[in-house]
Amino acid sequence: MNYDVIIIGAGPGGIFSAYELTEMRPDLKIAVFEAGNPLHKRKCPIDGDKIKSCINCKHCSIMSGFGGAGAFSDGKYNITNDFGGTLYEYIGKKKAMDLMHYVDDINMRFGGEGTKLYTTAGSKFKKICMQNDLHLLEASVRHLGTDINYVVLENLYNHLKEKVDFFFDCAVEHVKAENDGYTVICKNNEYTCKYCIVSVGRSGSKWMEKVCKEMTIPTQSNRVDIGVRVEIPAEIFSHLTDELYESKIVYRTQKYGDKVRTFCMNPKGEVVSENTNGIVTVNGHSYEDPAKQTGNTNFALLVSKHFSEPFKDSTGYAESIARLSNMLGGGVMVQRFGDLIRGQRSTPKRIEESFTTPTMTATPGDLSLVLPKRLLDGIIEMIYALDKIAPGMANDDTLLYGVEVKFYNMEVAVDENLECCHKGLYIIGDGSGITHSLSHASASGVHVARNIASKY
Ligand SMILES: Cc1cc2nc3c(=O)[nH]c(=O)nc-3n(C[C@H](O)[C@H](O)[C@H](O)COP(=O)(O)OP(=O)(O)OC[C@H]3O[C@@H](n4cnc5c(N)ncnc54)[C@H](O)[C@@H]3O)c2cc1C
């Protein structure tokens with residue numbers, strides 16, 4: 001065997017697997033294969049000046065490389081079983097919470113000390129939300145901010161680089177089960193290992209599907225969240241964001257009974273685009289450093305779509321909608337809420353005259369040509385519901401960027417150790433479909449590392 005353990009993917013899942021393994025079993029030979037670049041080489045070419053929109057780089061620096069999709073994220077570690085994944089269904093609620101707290105402690109030791117931990121426990125907003133048919137989910141959230149998140153990742157890399165062999169710009173093409181372990185096949189080489197941890201995240205979703213087919217690992221998929229990113233002057237939501245930082249609010253629409261929720265709230269942040277497998281969608285982040293903050297707050301409003309038999313391709317469905325917006329807008333599209341309600345497209349002039357200044361360059365357009373009626377109706381209903389707890393939310397100049405999609409990787413069948421039907425092959429993080437967040441993905445990494453360390 002070349003290695004005791006090979007980890008595929010250097011996102012939070014892969015990093016925390018490597019960290020815990022090196023802590024518990026420093027004698028093990030460990031390698032990490034990562035399709036993207038080391039942290040210092042990750043740079044999205046969009047500068048808003050010469051390059052205004054996505055140019056489809058070989059590896060999307062926002063999604064790939066050391067730190068994974070989370071590297072330039074807002075670094076919000078939500079410590080909760082209420083959202084961010086269903087890890088607790090496999091390992092139990094208490095263990096999942098303990099692991100998330102453990103990850104938080106490590107982040108604090110590696111540069112995150114001094115950052116704020118917000119909590120919804122005992123918040124007056126719970127009642128105010130309920131009185132307006134809105135539901136505030138329970139969570140503690142550690143907000144590292146994009147800048148401190150980067151520092152933590154840099155420190156973790158410096159800590160790990162002497163203990164682990166890192167292979168960057170080295171996408172794994174296939175995994176082959178052998179008698180006593182696995183062969184990991186890259187473009188120019190093959191490596192063997194006893195245990196293999198697969199942590200390829202959302203950007204590796206297509207690859208994961210292929211590997212599951214090749215190795216006959218059972219999977220299921222039926223959910224996707226589709227919506228828009230909302231941008232408003234920070235003052236409109238400041239009473240919530242000052243106290244809670246991130247509020248996850250769920251609303252059930254009166255018209256269809258669909259659930260619409262707020263997601264990834266970025267006070268004084270900026271809207272960004274992201275590229276998953278060639279499809280450009282929208283996202284957002286914010287900085288801890290006041291010098292880098294903007295005057296706007298952004299968050300997503302997402303409608304959950306669960307499909308039933310015989311339809312299975314929920315990802316394909318969402319991708320088709322995202323492609324429509326890319327086709328009409330050449331990338332991300334932006335529309336004023338007032339224009340949407342009046343049934344007119346936003347034009348460059350209307351956006352320019354808007355009292356809310358966009359933080360991202362997007363093509364003014366008409367989201368009603370992109371989003372199915374049922375989804376758009378749900379989003380509009382939710383905006384009016386939020387207007388009751390944050391007056392100003394339904395103003396004409398509220399900006400809506402589309403589309404935002406939360407792809408859920410198909411769920412891979414794994415047991416309580418996150419081990420699949422092939423013994424010694426672990427599927428973790430967002431690539432497993434079980435987690436959808438930094439904290440859950442990281443916790444899943446620690447969990448499998450402990451399992452391997454105890455078996456070896
Ligand atoms: C802009 C943005 C902001 C976000 N903000 C937040 C936030 O504030 N809070 C939060 O909880 N979550 C946030 N998320 C989501 C969060 O980043 C993910 O849930 C988390 O990174 C998942 O970790 P992971 O290790 O499972 O996968 P990833 O972080 O996606 O890492 C997977 C890695 O595997 C690599 N890979 C893929 N295929 C292969 C292959 N075949 N061979 C080798 N390597 C491969 C990829 O290049 C990638 O680096 C955000 C995401 C984005 C894009």
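Residues numbered from 1 in each chain as written. Predicted model: local features only at pLDDT ≥ 70, side-chain atom pairs only at ≥ 80, totals over all residues.

**With respect to the sheet that holds strand β6 (residues 140-143)**
Here is the rule: We treat two strands as partners when DSSP finds at least two bridges between them. Secondary structure elements are defined from DSSP: runs of H or I of at least 4 residues count as helices, runs of E of at least 2 residues count as strands, and each element is numbered from the N terminus. Orientation is described by lines fitted to C-alpha atoms, with helices fitted over the stretch in contact, and by angles between N-to-C directions that extend from 0 to 180 degrees.
In spatial order, the strands read β3-β6-β4; together these 3 strands make up an open sheet with antiparallel pairing. At either end of the open sheet lies a strand with only one pairing partner, and these are β3 (76-79) and β4 (116-119). Averaged over all pairs of adjacent strands, the angle between strand axes in this sheet comes to 20°, irrespective of strand direction. Note: β3 against β6, 4 bridges, orientation antiparallel.

**Notes on the pairing of strand β15 (residues 270-276)**
A regular strand carries its side chains on alternate faces of the sheet. As a reminder of what qualifies: Here exposure depends only on C-beta density: within 10 Å of a residue's C-beta, 20 or more other C-beta atoms make it buried, 12 or fewer make it exposed, and intermediate numbers make it partly exposed, the C-beta atoms being placed from the backbone.
Summarising burial for β15: 6 of the 7 residues are buried, a large majority. Summarising the sheet, β15 and strand β16 (residues 279-285) pair through 7 bridges and their orientation is antiparallel. Following the sheet pairing, Val271 is matched in β16 by Gly284. Counted between consecutive antiparallel strands, the loop separating β15 from β16 contains 2 residues, among which Asn277 sits at a positive phi close to 50°.

**Observations regarding the site of the ligand**
Formally: All residues are tested the same way: a C-beta atom is placed from the backbone, and lying within 6 Å of a molecule or strand makes the residue near it. We call Asp, Glu, Lys and Arg charged. Ala, Val, Leu, Ile, Met, Phe, Trp, Tyr, Cys and Pro are nonpolar, and the rest, Gly among them, are polar.
Around the ligand sit 45 residues in total, of which Gly9, Gly11, Gly68, Gly201 and Gly429 are the nearest. For the shell around the ligand, the residue count by class is 15 nonpolar, 24 polar and 6 charged.

**Observations concerning helix α5 (residues 145-160)**
At 3.6 residues per turn, the α-helix brings residues three or four places apart onto the same side. Note the threshold: Expected helix span is computed as 1.5 Å times (number of residues minus one). Once C-beta atoms have been placed from the backbone, residue pairs whose C-beta atoms lie within 7 Å are recorded as contacts.
Between its first and last C-alpha, α5 extends 22 Å over 16 residues, near the 22 Å set by a 1.5 Å rise per residue. The inward-facing, buried residues of α5 abut α1 (12-24), α3 (93-112), β6 and β16.

**Looking at the nonpolar core**
Rules: A set of buried residues drawn from Ala, Val, Leu, Ile, Met, Phe, Trp, Tyr and Cys, joined through C-beta atoms within 7 Å, is what defines a nonpolar core.
Within the largest apolar cluster, 132 residues are counted, with the highest numbers of intra-cluster contacts made by Val5, Ile6, Val184, Cys196, Ile379 and Tyr401. No other element matches the 8 residues that helix α11 (residues 373-389) contributes to this core. Discounting chain neighbours no more than four positions away, the residues touching Tyr401 are Val228, Arg229, Glu231, Val271, Val282, Val332, Val334, Met360 and Ala362.

**Some thoughts on helix α6 (residues 205-214)**
Operational definition: The arc in question is traced by the directions running from the helix axis to the C-beta atoms.
Taken as a whole, α6 has its buried residues at Ser205, Trp207, Met208 and Val211. For α6, the buried positions fall inside an angular range of 155° around the axis, keeping them on one side. Exposed residues on α6 whose side chains face more than 90 degrees from its buried face are Lys213 and Glu214. Its buried side turned inward, α6 meets β8 (172-178), α8 (314-329) and β20 (399-407). Thr216 lies just past α6 and shows a positive phi near 45°.

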